Amino acid sequence: MRISSSLTLCLLGAVPKRVAAMFYYPSPAVSALEHILVDNWGAYASNFSSAITPCDNYVTEVGLPAINSHRTTSAQWMRVSFHDFATADVAAGTGGIDASIGFETARDENKGSAFNDSFTFWRPFVNEFVPMADLVAIGTVMSVHLCGGKYIPYLPGRIDAAAADPKTGVPEPGTSLEETIAQFDRAGFNQSDAIGLTACGHTIGSVHAGGFPEVVEQSAITPNNTNGASNFDDTRAVFDAAVVHEYIDNTGARGGALVTSYNESSRSDLRLYESDGNKTMLDLYAQGDAFQDTCVDLLGRMINTVPSTVQLQPAITPALIKPVNVTWDVTSDDQLVLSGKIRLLYAGEIRDNPVSIAFSNGHTETLTPEENLGVSAFRLADSKTNATSQYLPFSISGTSISGISSFTVAARGFEAQTFPIQDKGFIIPSLTHAADGTVSVTVAARTNSPDFDASRVSVKIATPIAQPLTLAPKIVRTDVQLEERESPFDDIGYWIGSAAIESPTGAVSVTLLSGESVIDTLLLDTGVAGW
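Criteria and cut-off values
Residues numbered from 1 in each chain as written. Predicted model: local features only at pLDDT ≥ 70, side-chain atom pairs only at ≥ 80, totals over all residues. Heavy atoms only, no water. Pairing = 2+ DSSP bridges. Helix = DSSP H or I, 4+ residues; strand = E, 2+ residues; numbered from the N terminus. Axes fitted to C-alpha atoms, helices over the stretch in contact; angles between N-to-C directions. Parallel < 35°, antiparallel > 145°, perpendicular 65-115°, else oblique. Contact = heavy atoms within 4.5 Å. Nonpolar A, V, L, I, M, F, W, Y, C, P; charged D, E, K, R; others polar. Core = buried A, V, L, I, M, F, W, Y, C linked by side-chain atoms within 4.5 Å. Buried < 20%, exposed > 50% of the residue type's maximum accessible area, 1.4 Å probe, protein only. 1 Å grid on protein atoms, 1.4 Å probe; cavity = no way out; pocket = protein on both sides within 12 Å on 5 of 7 lines; lining within 4 Å. Points joined across faces, edges and corners; volume = space filled by probe spheres on them. Phe/Tyr/Trp six-rings, centres within 6.5 Å; stacked < 30°, edge-to-face > 60°. Lys NZ or Arg CZ within 6 Å of the ring centre and 35° of its normal. Salt bridge = Lys/Arg side-chain N within 4 Å of Asp/Glu carboxyl O. Arc of directions from axis to C-beta. Polar contact = N/O pair within 3.5 Å; in protein donor to acceptor, adjacent residues only side chain to side chain.

> I'd like a rundown of the sheet that holds strand 11 (residues 406-411), residues and numbers included.
If you walk across this open sheet you meet the four strands as 8-7-11-12, and the pairing is antiparallel. Two strands close off the open sheet at either side, each with one partner strand: strand 8 (364-367) and strand 12 (417-420). On average, adjacent strands in this sheet sit at an angle of 20° to one another, irrespective of strand direction.

> Can you tell me about the packing of helix 3 (residues 73-85) against helix 4 (residues 114-122), naming the residues and giving the values?
Remark: helix 3 packs on helix 4, axes separated minimally by 9 Å, with the N-to-C direction vectors making an angle of 105°. Accordingly, the angle class assigned to the pair helix 3 and helix 4 is roughly perpendicular. Counted together, Gln76, Trp77, Arg79, Val80 and His83 of helix 3 and Ala114, Phe115, Asp117, Ser118, Phe119, Phe121 and Trp122 of helix 4 form the full contact between these two elements. When the residues that make up the contact of helix 3 with helix 4 are grouped by side-chain class, the tally is seven nonpolar, three polar and two charged.

> Before we move on, can you summarise the nonpolar core with the specific residues and values?
Within the largest apolar cluster, 86 residues are counted, with the highest numbers of intra-cluster contacts made by Leu37, Phe48, Trp122, Leu135 and Leu299. It is helix 5 (residues 132-146) that contributes the most residues to this core, ten residues altogether. Here Leu37 is in contact with Ile138, Val141, Met142, Tyr151, Tyr154, Ile316 and Phe378, once residues within four sequence places are set aside. Counting residues in each nonpolar core, the second largest holds 33 residues, with Val326, Leu344, Phe394 and Ala411 among its members.

> Could you give an account of the layout of surface pockets, with specific residues and numbers?
Taken as a whole, the second largest pocket encloses approximately 830 Å³ of empty space. Taken together, 39 residues make up the lining of the second largest pocket; nearest its centre are Arg79, His83, His202, Phe232 and Leu258. Elements that contribute at least two residues to the lining of the second largest pocket include exactly helix 3, helix 6 (177-186), helix 7 (191-201), strand 3 (206-208), helix 10 (268-274) and helix 12 (290-303).

> Describe the packing of aromatic side chains, with residues and values.
Summed over the entire model, instances satisfying the criterion amount to 21 aromatic pairs. When the centroid spacing of 5.5 Å and the interplanar angle of 50° are considered together, the rings of Trp77 and Trp122 count as tilted. Highlighted residues: Trp77 in helix 3 and Trp122 in helix 4, separated in sequence by 45 residues. When sorted by exposure, Trp77 lands in the same class as Trp122, which is buried. The structure contains a cluster of three or more aromatic residues connected by ring pairs, namely Phe48, Trp77, Phe119, Phe121, Trp122 and Phe125. When the ring centre of Phe189 is taken as origin, the NZ or CZ atom of Arg301, which lies over that ring, is 4.2 Å away.

> Before we move on, can you summarise the pattern of salt bridges with the specific residues and values?
What the rule picks out here adds up to 16 salt bridges. With a closest N to O distance of 2.4 Å, Glu34 and Lys322 form a salt bridge. Placement of Glu34 in helix 1 (residues 28-38) and of Lys322 in strand 5 (residues 321-330) is noted, with a sequence separation of 288 residues between them. Residue Glu34 shares its accessibility class with Lys322, and that shared class is buried. Between Arg477 and Glu128 there is a salt bridge; the shortest N-O distance is 3.7 Å. You can see Arg477 sitting in strand 17 (residues 470-480) and its partner Glu128 sitting in the loop between helix 4 and helix 5, a full 349 residues away along the chain.

> Give a detailed account of the sheet that holds strand 6 (residues 336-346), specifying residues and quantitative values.
Adjacent strands of a sheet form backbone hydrogen bonds with each other and so pair up, either parallel or antiparallel. Spatially, the five strands line up as an open sheet ordered 2-9-10-6-5, and their pairing is antiparallel. Strands at the two margins of the open sheet, each flanked by one partner only, are strand 2 (41-42) and strand 5. Strand direction decides the pairing type here: strand 2 and strand 9 (residues 374-375), joined by two bridges, are antiparallel. Across the sheet, Trp41 pairs through a bridge with Val375, a residue of strand 9.

> Can you lay out the pairing of strand 15 (residues 438-446) for me, pointing to particular residues and giving the numbers?
Among the nine residues of strand 15, seven are classified as buried, and the element is accordingly described as predominantly covered. Pairing of strand 13 (residues 425-427) with strand 15, which is carried by three bridges, proceeds in the antiparallel orientation. Counted as the bridge partner of Ile427 is Val443 from strand 15. With three bridges joining them, strand 14 (residues 433-435) and strand 15 adopt antiparallel strand pairing. Looking at strand 15, one finds that His433 is bridged to Ser440. Here strand 14 folds back onto strand 15 in antiparallel fashion, the turn holding two residues, of which Asp436 has a positive phi close to 55°. The sheet contact formed by strand 15 and strand 19 (residues 492-500) spans nine bridges and is antiparallel. Bridging across to strand 19, Ala444 finds its partner in Tyr494.

> For helix 6, give the residues involved together with the corresponding values.
Listed in full, the buried residues belonging to helix 6 are Thr180, Gln183 and Phe184. Down the axis of helix 6, the sector holding all buried residues measures 95°, keeping them to one side. Summarising the geometry of helix 6, the exposed residues directed more than 90 degrees from the buried face are Glu178 and Asp185. Taken together, the buried residues of helix 6 touch helix 3, helix 7 and helix 10. One or two steps after helix 6, the chain reaches Gly188, where phi turns positive at roughly 100°.

> Account for the side chain of Thr432, naming residues and giving values.
Turning to its location among the elements, Thr432 is positioned in the loop between strand 13 and strand 14. Only 3.2 Å separates the side chain of Thr432 from the backbone nitrogen of Thr442, close enough to count as a polar contact. Excluding residues that lie within four positions of it along the chain, Thr432 makes contacts with Ile427, Ser440, Val441, Thr442, Leu522 and Leu524.

> Describe the pairing of strand 11, listing the residues and the values that go with them.
Regular strands show a simple pattern: their side chains alternate between the two faces of the sheet. Inspection of the sheet shows strand 7 (residues 355-359) paired to strand 11 by five bridges, in the antiparallel sense. Pairing of Val355 across the sheet is with Ala411, part of strand 11. Two elements, strand 11 and strand 12, share four bridges in a ladder whose sense is antiparallel. Across the sheet, Phe407 pairs through a bridge with Phe419, a residue of strand 12. Between strand 11 and the antiparallel strand that follows it, strand 12, lie five residues; Gly413 among them carries a positive phi value of about 90°.

Below is the structure:
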């Protein structure tokens, strides 16, 4: 899998037969989401992290209006995932994290700007391979991890809902205690779990008079607090235990407006916290640093609550050696070239040691690193400092890449890793593009390989487009009719084709198949998502 004109990562679609990806490792899905999770700042950083850097940032506005709004994007992201989760019925196997919340914003239980703010930012990241539901979940993981909390193990594989969840029942400020506990129970969380999840979710953010006048008095709205924010605790943008300590100690924000509201009927957090005589809150208070572990467990269970028809994949871990955007192309002077980058993720300081790439045909080169480094939120091998990423580009042509089937990357301090590759068929990036509502594709395929039939190649296009009633895009798939054209190579044929597409909201994917097996994927017009 490759992208056109930009660094990145992505995953294979569900329509063609799934096979081992040749250019993204260990799989396209893991590569895409690992990029968001690991590449946080500096060189080739995911644009995803920018929305919550710093953690009190409000990405929907800029400058003084954003500051005076006292809105917090990291808190919004956590609210979106909770509301998406809260209509789950685990006994029935329905609901949970499926991005159905995008269809449900007109419901009174989902009032406020968090949902459309968040979907607007996430929308360009959605394509055939990255569903909105996975972004809803990763938003909570990132908000916790980048803002002072621990990493919640992230499992990919969610599927976007095609309509609103018919069930309602997200707890509101005026919801009775009995109904609130019943709603949590339906979603798989008992009374103690419900208290803990609420405390974890309310350690970041505020309640706003502008959206919840029944909770916060309108006098809170001032020129320097334009939405009338009332913070849950005195560390609004830090994921910590302050909300618990201030509640038990009756200090600071005393647990926030849902505990202290002028309107007694809107004190939903107070009713929940007191429902077991404050036992759970006192236990959380006594946990100290272990509060973070409790939140990892509870929030992890929340984001992993999915419809019973969805099977989540194994948790993603940072790749220490990662090939990035490895791709075949043809130069203007008709030379076949293989290029890409190798990302090395260091626990501490970058080592000034040689890094080599060795191909299966015996050709070996020493790589020269780029000057700019990346910084990750992850800390590896018990390091007290953030991991640092180094990028080493390569571009190899001619006989040096003849007949290769794999390459091995070796560096001191890292276990050498071998990655498969194939050149039987590929999309030519320099001859493939999207413009004026049309995708034009050129593919190359070997005509002299006894175990590969070039006549069986086909191309599919997948376009994310706007759909009614939600800001989550839908994916429209199109087959491309190919016709053979003249090739500059004796043993490689060229095929071209084009297809009309609707206006895309994110990256358009072009997939090359041999029979039913995917052998290459190219992303076009990746835009602000930075894929």
